[in-house]
Amino acid sequence: MRLRLIRHATLVVEYAGETVLIDPMLDDAGARPAIQNSPNPRNNPLLPLPIPAEEVVQGVDAVLVTHTHSDHWDATAQKVISKPLPLYGQPEDEQKFDSAGFTSVHAIQTTAKYNGIEIARTGGQHGTGEIAKKMAPVSGFVLRSSGEPTVYVAGDTIWCPEVEDALNRFQPDIVVVNAGGARFLEGDPITMTADDVIRVCRAAPNAQVVAVHMEAINHCLLTRGDLAFQLEAARVIHQVAIPNDGDWVDLNR
Ligand SMILES: [Zn+2]
């Protein structure tokens, strides 16, 4: 298998002979206002796609959406993704996909089967306290197929019991975490901080971790450089890939 970071949480995963697009945010730079009540108020996305949106969706066989916040599912994605493509997501988002005109929508309650791939849904907490309630629901997904590594895409979550459970239950070979330490003016971070990524590494010492969700949305304050520095200090950097936008990450292991 291999995986390409397009930008932010948007990934193209080549897995078991299928090309799966995850969390497509395909708007041009500055297409949307800054996140409300957030630090560093600049229009989003902060920077353009590394390749044109039409090119991102070329050859894609299926789409997987962890939740429908605009940094994971935006207007351009809804425009350029072919409507009959199989589209998988959490049950709470089914209606949204239907009304956007998608004709092969699959809400995953617990697991789904897609061309020899098992997609299992996992939980998460998109922040703490009242903020987490407002941001819910969010999901992550685990991809499994015989002869392929097990891949856990954690989605927008902080380190929490749901993430720990998923690591224990599925023993993933590859863990994609949404870092960035996104936050509002008040309250705790709503996506993983460096400390959270370190916790993932320590809880799954044999997994290859891929950290994304950085430097593309105004309220994600943790940069790749900061993260690498802290992972280095915690002596877990060898476990973590921090791709740049457009980079392929080779994951055969
Ligand atoms: Zn996000």
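Let me begin by describing the structure that accompanies this report.

Focus on the packing of helix H6 (residues 194–203) against helix H7 (residues 224–233)
Following both chains from N to C, one finds H6 and H7 inclined at 45°, their axes separated by 9 Å at the closest point. Classed by the angle they form, the pair H6 and H7 counts as oblique. Crossing geometry of H6 relative to H7 is assigned as right-handed. Across the interface between the two elements, Ala194, Asp195, Val197 and Ile198 of H6 pack against Leu227, Gln230 and Leu231 of H7. Residue composition of the contact of H6 with H7, grouped by class: five nonpolar, one polar and one charged.

Considering helix H5 (residues 161–170)
Because an α-helix packs 3.6 residues into every turn, residues spaced three or four apart end up facing the same way. Burial in H5 covers these residues: Val163, Ala166, Leu167 and Phe170. With its buried residues spanning 100° around the axis, H5 presents them on a single face. Across H5 from its buried face, at more than 90 degrees, point the exposed residues Pro161 and Arg169. Lining the buried residues of H5 we find strand S8 (117–122), strand S9 (140–144), strand S10 (151–153), strand S11 (174–178) and H6.

Focus on the coordination of the zinc ion
In a perfect tetrahedron of four donors around a metal, the angles come out at 109.5 degrees. In a perfect octahedron of six, they are 90 or 180 degrees. All of the protein donors around the zinc ion are Asp71 (OD), His72 (NE2), Asp156 (OD) and His213 (NE2); their distances to the metal are 2.1 to 2.2 Å. With four donor atoms in place around the zinc ion and angles of 88 to 151° between them, the coordination shape is irregular. Mapping the donors of the zinc ion onto the primary sequence gives the spacing D-H-x83-D-x56-H. In this pair, Asp156 sits in the loop between S10 and H5 while His213 sits in the loop between strand S12 (208–212) and H7, placing the two residues 57 residues apart along the sequence.

Side note on the sheet that holds S11
Read across the open sheet, the seven strands follow the order S7-S8-S9-S10-S11-S12-S13; overall the sheet is mixed. At either margin of the open sheet sits one strand with a lone partner, and together these are strand S7 (111–114) and strand S13 (240–241). As paired elements, S10 and S11 share three bridges and run parallel to each other. Residue pairing for S11: Val153 is matched across the bridge by Val176.

Details of the side chain of Glu18
Secondary-structure assignment places Glu18 in strand S3 (residues 18–22). Despite its burial, Glu18 remains without a salt bridge, the nearest opposite charge being carried by Lys113 at 13 Å. Only 2.6 Å separates the side chain of Glu18 from the side chain of Tyr114, close enough to count as a polar contact. Among residues more than four places away in sequence, those in contact with Glu18 are Val13, Asp61, Tyr114, Asn115 and Ile117.

Some remarks on the pairing of S3
The side chains of a regular strand alternate, first on one face of the sheet and then on the other. Where burial is concerned, most of S3 is hidden: five out of the five residues are buried. Residue alternation in S3 divides its side chains into two sets, Glu18, Val20 and Ile22 and Thr19 and Leu21, and both sets are buried. Looking at chain direction, strand S2 (residues 10–15) and S3 are connected through five bridges and run antiparallel. Its bridge partner being in S3, Tyr15 is matched across the sheet by Glu18. Note: S3 against strand S4 (residues 62–65), three bridges, orientation parallel. Paired with Leu21 across the bridge in S4 is Val63.

Some words on H7
Every buried residue of H7 is listed here: Arg224, Leu227 and Leu231. End-on, the buried residues of H7 take up no more than an arc of 65°, which puts them together on one face. Opposite its buried face, H7 presents the exposed residues Phe229, Glu232 and Ala233, each directed more than 90 degrees away. Summarising the contacts, the buried residues of H7 are in contact with strand S1 (2–7), H6, S12 and S13.

What counts, and where the lines are drawn
- Residues numbered from 1 in each chain as written.
- Predicted model: local features only at pLDDT ≥ 70, side-chain atom pairs only at ≥ 80, totals over all residues.
- Heavy atoms only, no water.
- Axes fitted to C-alpha atoms, helices over the stretch in contact; angles between N-to-C directions.
- Helix = DSSP H or I, 4+ residues; strand = E, 2+ residues; numbered from the N terminus.
- Parallel < 35°, antiparallel > 145°, perpendicular 65-115°, else oblique.
- Left-handed = near helix turned anticlockwise from the far one by under 90°.
- Contact = heavy atoms within 4.5 Å.
- Nonpolar A, V, L, I, M, F, W, Y, C, P; charged D, E, K, R; others polar.
- Buried < 20%, exposed > 50% of the residue type's maximum accessible area, 1.4 Å probe, protein only.
- Arc of directions from axis to C-beta.
- Donors = N, O, S within 2.8 Å, 3.2 Å for Na, K, Ca; no water.
- Tetrahedral: all angles 85-135°; square planar, octahedral: opposite > 155°, others 65-115°.
- Pairing = 2+ DSSP bridges.
- Lys, Arg positive; Asp, Glu negative; His and termini not counted.
- Salt bridge = Lys/Arg side-chain N within 4 Å of Asp/Glu carboxyl O.
- Polar contact = N/O pair within 3.5 Å; in protein donor to acceptor, adjacent residues only side chain to side chain.

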